[in-house]
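The lines below spell out each chain.
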Amino acid sequence: MLKLSEKAAQNLAALREKKPLIHNITNFVAMNYTANALLAMGASPMMAHAENEVEELVSYASALVLNIGTPSEGRIASMILAGKKATELNTPIILDPVGAGVGLFRMSSAVRIIDQTRVSVIRGNASEILSLRRNDLKTKGMDAIHTVDEAAEIAGILASEIQATLAITGPMDLVTDGERTIRVANGHPLMGYVTGTGCVSTATIGAFLAVDDDRVSATAAALAFFGLAGEKAGEKAAAPGSFKSALIDALYTITPADLAMGARFEGNH
Amino acid sequence: MLKLSEKAAQNLAALREKKPLIHNITNFVAMNYTANALLAMGASPMMAHAENEVEELVSYASALVLNIGTPSEGRIASMILAGKKATELNTPIILDPVGAGVGLFRMSSAVRIIDQTRVSVIRGNASEILSLRRNDLKTKGMDAIHTVDEAAEIAGILASEIQATLAITGPMDLVTDGERTIRVANGHPLMGYVTGTGCVSTATIGAFLAVDDDRVSATAAALAFFGLAGEKAGEKAAAPGSFKSALIDALYTITPADLAMGARFEGNH
Amino acid sequence: MLKLSEKAAQNLAALREKKPLIHNITNFVAMNYTANALLAMGASPMMAHAENEVEELVSYASALVLNIGTPSEGRIASMILAGKKATELNTPIILDPVGAGVGLFRMSSAVRIIDQTRVSVIRGNASEILSLRRNDLKTKGMDAIHTVDEAAEIAGILASEIQATLAITGPMDLVTDGERTIRVANGHPLMGYVTGTGCVSTATIGAFLAVDDDRVSATAAALAFFGLAGEKAGEKAAAPGSFKSALIDALYTITPADLAMGARFEGNH
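Okay, so let's go over this structure. For clarity, every value in this text was computed on a predicted model and none was experimentally measured.

### A few points about the overall build of chain A
And then number 1: Within chain A, the secondary structure is distributed over 11 helices and 9 strands.
And then number 2: Taking 269 residues into account, the globule formula puts the C-alpha radius of gyration at 18 Å, and chain A, at 17 Å, falls close to it.
And then number 3: Along the first, second and third principal axes, the C-alpha set of chain A runs to 40 × 40 × 35 Å.
And then number 4: Here the contacts in chain A between residues at least 6 apart in sequence split such that 72% fall between residues at least 24 apart.
And then number 5: Approximately 9100 Å² of chain A is accessible, and the part contributed by carbon and sulfur atoms is 52%.

Following this line, the structure appears as structure tokens:
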């Protein structure tokens, strides 16, 4: 899959050169880690969630990342305000529906954001993504496990329905817009032992969308890059504390050539 | 003290196997570190504090950890909502009265939580724990220092009064329910140089209570495990930045056998 | 510049001995890193922002650090409450006008704090500091770049106007109260790749002001110390993840003698 690998490398080079401003309205747990990851990979993070400034600030950004972890009515309202402005400005919006698979407030908040703004990409685990199905609005327990393969078909239908590219991440990531489907094999088991890893992968998609208009290739490239950083970190560290630092180091040190060589894509693209 | 060491090891093995979901309503400073520590030791952290979701979400959890650092009226209200639900469901509640020894809002908030929910364990330093005495509701300066020995007798009385197990941590930790008293000698001086160490030890108690119904043994085991992780980290790191990462690593790598061998308990249990 | 270097060393020794309590009302991104940095250097951080406790708690503190990153109306109100109390108690206030150069809400919030409290020191980048000029209240884009040299003259005028010591940080830091001007050459490029570095340098100024009444020397000493920690970290780490930990380590291990030797000051003081 040479072509997509090369595009991923080009995206990373563009990211390092343009240092796009990424506006994040994200949860309190992953806020620091997200900002550090974006800085390390070469982007410029902006973390701002106040209702009276998000519309102004998002106008400076090249992508808007909305993450509903640790939600509140006020934060969701800020996300919708910022999202409407981003829609108006044609700025890509990336949504992370954290916990939408288990909590009703989170699921309904994610649905409100999708309904009121033009979301380009949604990234979550299978349970989170599948909770967004309109004809199946019921809570799923946290233990609901869906393999990427089980989820692939319904994800494609859902992607077409809500006109967004979907990324279902897990041991093997799935990216689909309903027409094209790409699988990304990069990653490392220790990533599941660091809080906010999923949130940071979503922000990484935001950074790649800021330099690549093709939602599917940008999303797949971002996930390959982030997964490869996990692999590199896993070569240096054998436990989650040192792994977390090593992952940030890898986001900084991986070159476009490393990414072209290390990215592992499968699928029809 | 062979018996308790073995129970501690059993608890750790059960924690790794069951990966219990621990619901944390905690302060903004320690939120990320707490989630990472719980993941590293083998538990599943859930960080959620919105009033309109805590009752729903706590129903999935095996323990509820309430931490009043960086408080606000809204957050205390969420803690009480979640706490009432946990009480109803018989889910153990662990309270960390951060700063109750120095701030009146914090002290009164801690008292409100204790009055309106059934708290199983309260962990704090001597000043925080002793501030909860009803017949002595006056502010204490942050410099108020009480040795664990000075505090032991009054802690026993207080534990019986409020029907909770108390853990007063310091160079030597004290655990008492008014009848049984255990001292835990594990720990390392650099733990005092990392913010949120106390908060994480409270969350660790939550994780152990999720697999052990005996409040006193679960609390003592958790403190021994966490203190031992500090000792292991101190073997790897000589300054607080690298120590913080090494502590997370140790929570992941310490085996039940390590804990059985390294736990240092004293007292009548 | 032997004299100022020696004063810097004295300040650090005093900080380690007195362990002053530093009250921080700061943003959610940098909160944990700020608390860890203050602990590592020898101070005692207090992180508290609730409107109903900041007045009480600031009375225990030796300095108050106000940081307007991730602002909201409520947080700014708390900052003004705490700031008024600190003004009354003659406790030094240090302001970090994060993003005042780009966002109108932030700029007006910084101006309100300056108007309603007696701020001792303001630290920011050139764009943030220069946005505080009264006769030029218009938004500047994030790309507005001013060299420290370009900014020096206007900073001196501004410092006199608002009767605060100003610290404009960048590759070469500038400290001025309108009469005395000191430049600080310490620092490392990787500091720009760790989120919250500026916020932590502001908190470091707070810690030094707690032990040195001379605003200019305290500020310059703090920036030299923090920049030197960056240099030491840069000797150990080549990427931002490990650099972040190494910086905290350096704040803990740098001795007063190291600081006297490593501080690089220039100017008329």
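### Re the interface of chain B and chain A
And then number 1: Taken residue by residue, the interface counts 24 residues in chain B and 25 residues in chain A.
And then number 2: For the pair chain B and chain A, the two sides together bury roughly 2000 Å², of which 59% comes from carbon and sulfur.
And then number 3: Three residues stand out in chain B for area buried against chain A, namely N32(B), L39(B) and Y252(B), and they jointly supply 23% of the buried area on that side.
And then number 4: Where chain B meets chain A, there are 1 salt bridge.
And then number 5: Taking the shortest distance from any N to any O, the salt bridge between E53(B) and R106(A) comes out at 2.8 Å.
And then number 6: Our count for the chain B to chain A interface comes out at 8 residue pairs in polar contact (both at pLDDT 80 or more).

### Thoughts on the relation of the copies chain C and chain A
A rotation about an axis combined with a shift along that same axis relates the two copies of the chain.
And then number 1: Note on the identical chains: chain C maps onto chain A by a rotation of 120° and an axial translation of 0.0 Å, with an RMSD of 0.0 Å. The transformation just described matches what one would write down for a three-fold rotation axis. It is F28(C) whose C-alpha, among those of chain C, lies nearest the rotation axis, at 3.9 Å.
And then number 2: Of the interface residues in chain C, just 8% have counterparts in chain A that sit at the interface too, so the contact is made through distinct surfaces.

### Observations concerning the packing of helix α2 (residues 31–41) of chain A against helix α10 (residues 240–253) of chain A
Residues and elements named next belong to chain A.
And then number 1: Put simply, α2 and α10 touch, their axes get as near as 7 Å, and they point 30° apart. By crossing handedness, the relation of α2 to α10 is classed as right-handed. Here α2 contributes Y33, N36, A37, A40 and M41 to the contact with α10, which in turn contributes K244, L247, I248, L251 and Y252.
And then number 2: In the contact of α2 with α10, the residues fall into 8 nonpolar, 1 polar and 1 charged.

### Let's talk about the interface of chain C and chain A
And then number 1: Residue-level contacts link 25 residues of chain C with 24 residues of chain A.
And then number 2: Our count for the contact surface shared by chain C and chain A stands at 1 salt bridge.
And then number 3: Elements with a contribution of two residues or more to the side of chain C that touches chain A: α5 (104–116) and α10 (240–253) of chain C.
And then number 4: Among the elements that make up the side of chain C that touches chain A, the one with the highest residue count is α10(C) (5 residues).

### Some thoughts on the side chain of E128(C)
Residues and elements named next belong to chain C.
And then number 1: Positionally, E128 belongs in helix α6 (residues 126–130).
And then number 2: Buried charge without a partner: E128 forms no salt bridge, and the closest opposite charge is R123, 4.7 Å away.
And then number 3: Polar contacts involving the side chain of E128 include one to the main-chain amide nitrogen of G99, which spans 3.0 Å.
And then number 4: Look past the residues within four positions of E128 in its chain and what remains in contact with it is D96, P97, V98, G99, A100 and G101.

### Some remarks on helix α8 (residues 197–209) of chain A
Residues and elements named next belong to chain A.
And then number 1: Look at α8: 19 Å from first C-alpha to last across 13 residues, which is about the 18 Å you get at 1.5 Å a residue.
And then number 2: Most of α8 sits inside the fold, with 12 of its 13 residues counted as buried.
And then number 3: Residues of α8 that are buried: T197, C199, V200, S201, T202, A203, T204, I205, G206, A207, F208 and L209.

### Section: the relation of the copies chain B and chain A
And then number 1: Between chain B and chain A, which share one sequence, the superposing operator has a rotation angle of 120° and an axial displacement of 0.0 Å; the RMSD is 0.0 Å.
And then number 2: With a heterologous cut-off of 20% or less, the 8% of interface residues of chain B that recur at the interface of chain A puts this contact in the heterologous class.

What counts as what
- Residues numbered from 1 in each chain as written.
- Chains lettered and ligands numbered in written order.
- Predicted model: local features only at pLDDT ≥ 70, side-chain atom pairs only at ≥ 80, totals over all residues.
- Heavy atoms only, no water.
- Helix = DSSP H or I, 4+ residues; strand = E, 2+ residues; numbered from the N terminus.
- Rg over C-alpha atoms; globule rule 2.2 N^0.38 Å.
- Contact = heavy atoms within 4.5 Å.
- Areas by Shrake-Rupley, 256 points an atom, 1.4 Å probe, with all protein chains shown as cover.
- Buried area = accessible area lost by both parts, 1.4 Å probe.
- Salt bridge = Lys/Arg side-chain N within 4 Å of Asp/Glu carboxyl O.
- Polar contact = N/O pair within 3.5 Å; in protein donor to acceptor, adjacent residues only side chain to side chain.
- Least-squares fit on C-alpha atoms with pLDDT ≥ 70 in both.
- Axes fitted to C-alpha atoms, helices over the stretch in contact; angles between N-to-C directions.
- Left-handed = near helix turned anticlockwise from the far one by under 90°.
- Nonpolar A, V, L, I, M, F, W, Y, C, P; charged D, E, K, R; others polar.
- Buried < 20%, exposed > 50% of the residue type's maximum accessible area, 1.4 Å probe, protein only.
- Lys, Arg positive; Asp, Glu negative; His and termini not counted.
- Expected span 1.5 Å × (residues − 1).

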